[in-house]
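Topology and contacts: notes
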Amino acid sequence: MQLITGDTYQTVDSDVIAWQRAYPKVDVHQELLAMESWLDANPSKRKTKRGIKSFVVRWLTKAQNQGGSPMAKSYKKPDSLRS
């Protein structure tokens, strides 16, 4: 994801796994792609290196609270992601 400085933020696998566990109704990978597109289309609203994770969590929380991602509802989680 493009940051306000022009640098790129790359998610790490451990964060993605944590987000998948925290937001079971959300297709985290799809939402990350949507965030990337949104930040590309809204350059004045790009985040700082310090604020990008908060942005991701707010986005995923909103998606979870709105019923999740349509594809995530039919997705069967691997045993390693089940709590």
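Structural data are supplied above this passage.
Residues numbered from 1 in each chain as written. Predicted model: local features only at pLDDT ≥ 70, side-chain atom pairs only at ≥ 80, totals over all residues. Heavy atoms only, no water.

**Some words on the overall build of the protein**
- Along the backbone of the protein there are four helices and zero strands.
- Ordering the α and β elements of the protein from the N terminus gives α-α-α-α.
- Each of the 83 residues in the protein was classed as buried or not, and the buried ones make up 33%.
- Partitioning the intrachain contacts of the protein with sequence separation of at least 6 by distance along the chain shows that 64% fall at a separation of at least 24.
- With an accessible surface of roughly 5,700 Å², the protein has 51% of that area assigned to carbon and sulfur atoms. (Helix = DSSP H or I, 4+ residues; strand = E, 2+ residues; numbered from the N terminus. Buried < 20%, exposed > 50% of the residue type's maximum accessible area, 1.4 Å probe, protein only. Contact = heavy atoms within 4.5 Å. Areas by Shrake-Rupley, 256 points an atom, 1.4 Å probe, with all protein chains shown as cover.)

**Things to note about the pattern of salt bridges**
- With the rule as written, the count across this model stands at two salt bridges.
- Residue Asp15 is joined to Lys53 by a salt bridge in which the shortest nitrogen-to-oxygen separation is 3.0 Å. With Asp15 in helix H1 (residues 13-22) and Lys53 in helix H3 (residues 52-65), this pair connects stretches of sequence that are 38 residues apart.
- What makes Lys53 partly exposed here is its relative accessible area of 39%. (Salt bridge = Lys/Arg side-chain N within 4 Å of Asp/Glu carboxyl O.)

**Re the packing of aromatic side chains**
- Inspection of the entire model under this criterion finds three aromatic pairs.
- Between Phe55 and Trp59, the aromatic rings sit 5.7 Å apart at their centres with planes inclined by 65°, giving edge-to-face as the arrangement. Taken together, the positions of Phe55 and Trp59, both in helix H3 and four residues apart, correspond to about one turn of that helix.
- Through a chain of ring-to-ring contacts, the aromatic side chains of Trp38, Phe55 and Trp59 assemble into a single cluster. (Phe/Tyr/Trp six-rings, centres within 6.5 Å; stacked < 30°, edge-to-face > 60°.)

**Focus on the nonpolar core**
- Core analysis: the largest hydrophobic core is formed by 16 residues, its most contacted members being Met1, Trp19, Leu32, Met35, Ile52, Val56 and Leu60.
- Looking at this core, the element that brings in the most residues is H3, giving five residues.
- In this structure, Leu32 is in contact with Met1, Thr11, Val16, Trp19 and Val56, ignoring residues within four places of it in sequence. (Core = buried A, V, L, I, M, F, W, Y, C linked by side-chain atoms within 4.5 Å.)

**As for the side chain of Arg46**
- Of note, Arg46 is situated in the loop between helix H2 (28-41) and H3.
- For Arg46, the side chain forms a polar contact with the main-chain oxygen of Leu39, separated by 3.1 Å.
- Contacts of Arg46, omitting those with residues within four sequence positions, involve Gln2, Leu3, Ile4, Leu39 and Asp40. (Polar contact = N/O pair within 3.5 Å; in protein donor to acceptor, adjacent residues only side chain to side chain.)

**Looking at H3**
- Taking 1.5 Å of rise per residue, the 14 residues of H3 would be expected to cover 20 Å, and the 20 Å separating its terminal C-alpha atoms lies within 8% of that figure.
- For H3, the full list of buried residues reads Ile52, Phe55, Val56, Leu60, Ala63 and Gln64. The buried residues of H3 occupy an angular sector of 165° when the element is viewed end-on, so they sit on one face. Summarising the geometry of H3, the exposed residues directed more than 90 degrees from the buried face are Lys62 and Asn65.
- Residues of H3 that are buried make contact with H1 and H2.
- Just downstream of H3 lies Gly67, where phi reads positive at about 105°. (Expected span 1.5 Å × (residues − 1). Arc of directions from axis to C-beta.)

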